[in-house]
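# A closer look at the structure
Listed below are the residues making up each chain.
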Amino acid sequence: RDLTGSTVQAAALLNSKFVKDRVKTQEGGRLYKLLNHDPPMSNQEIVDEMFLAFLARPPLAAEAAVALKTLEEHHNQGLEDLAWTLINKPEFLYNF
């Protein structure tokens, strides 16, 4: 199969309202539940959960480091950014 994608596909994923709406921390959504888990989850647990949910694998050390830094600096927005990033990875699209 062709793994190169297209400009239209990239634009749809990077800028679509559908994707942007799905990565918001809306009450009742998966991201909201991760941030408001009882008992609270550590940032490492949240990162691990996100990678397993989106890519069906744990994060590599470098990926985890970037994700953890983002969550520490911008907790809610950082989680939304992580979700958006994972959706836009070729690995998400093609399930390598």
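Scroll up for the structure.
Residues numbered from 1 in each chain as written. Predicted model: local features only at pLDDT ≥ 70, side-chain atom pairs only at ≥ 80, totals over all residues. Heavy atoms only, no water.

### Details of the overall build of the protein
Broken down by element type, the protein carries seven helices and zero strands. Its helices and strands in sequence order give the protein the pattern α-α-α-α-α-α-α, from N to C terminus. Scored against the burial criterion, the 96 residues of the protein give a buried share of 31%. Considering only intrachain contacts with a sequence separation of at least 6, the fraction spanning at least 24 residues in the protein is 62%. When the accessible surface of the protein is split by element, carbon and sulfur atoms take 57% of a total near 6300 Å². (Helix = DSSP H or I, 4+ residues; strand = E, 2+ residues; numbered from the N terminus. Buried < 20%, exposed > 50% of the residue type's maximum accessible area, 1.4 Å probe, protein only. Contact = heavy atoms within 4.5 Å. Areas by Shrake-Rupley, 256 points an atom, 1.4 Å probe, with all protein chains shown as cover.)

### Considerations on unusual backbone geometry
Residues apart from glycine generally show negative phi values, whereas peptide bonds are mostly found in trans. D38 connects to P39 through a cis peptide bond whose omega is 5°. Following the sequence through the fold, P39 ends up in the loop between α3 (30-35) and α4 (43-55). Residue A56 is not a glycine yet carries a positive backbone phi of 60°. The topology assignment puts A56 in the loop between α4 and α5 (61-73).

### Points about the nonpolar core
Counting residues in each nonpolar core, the largest one holds 15 residues, and the members touching the most others are I46, V47, M50, F51, L79, L82 and L86. At the level of secondary structure, the elements contributing two or more residues to this core comprise α3, α4, α5 and α6 (75-87). With sequence-adjacent residues up to four places away left out, V47 is seen in contact with P59, A64, A67, L68, L71 and L82. (Core = buried A, V, L, I, M, F, W, Y, C linked by side-chain atoms within 4.5 Å.)

### Regarding α4
Its 13 residues give α4 an end-to-end C-alpha distance of 18 Å, which sits within 8% of 18 Å, the value for a rise of 1.5 Å per residue. Where α4 is concerned, the buried positions are N43, I46, V47, M50, F51 and L55. Taken down its axis, α4 places every buried residue within 130° of arc, on the same side. (Expected span 1.5 Å × (residues − 1). Arc of directions from axis to C-beta.)

### Side note on the pattern of salt bridges
A complete count under the given rule lists three salt bridges for this structure. We note a salt bridge from R57 to E63, for which the minimum N-O separation is 2.9 Å. Note on accessibility: R57 and E63 belong to one class, buried. One salt bridge connects E73 with K69, and the closest N-O pair in it is separated by 3.9 Å. Of this pair, E73 and K69 both sit in helix α5, separated by four residues, roughly a single helical turn. (Salt bridge = Lys/Arg side-chain N within 4 Å of Asp/Glu carboxyl O.)

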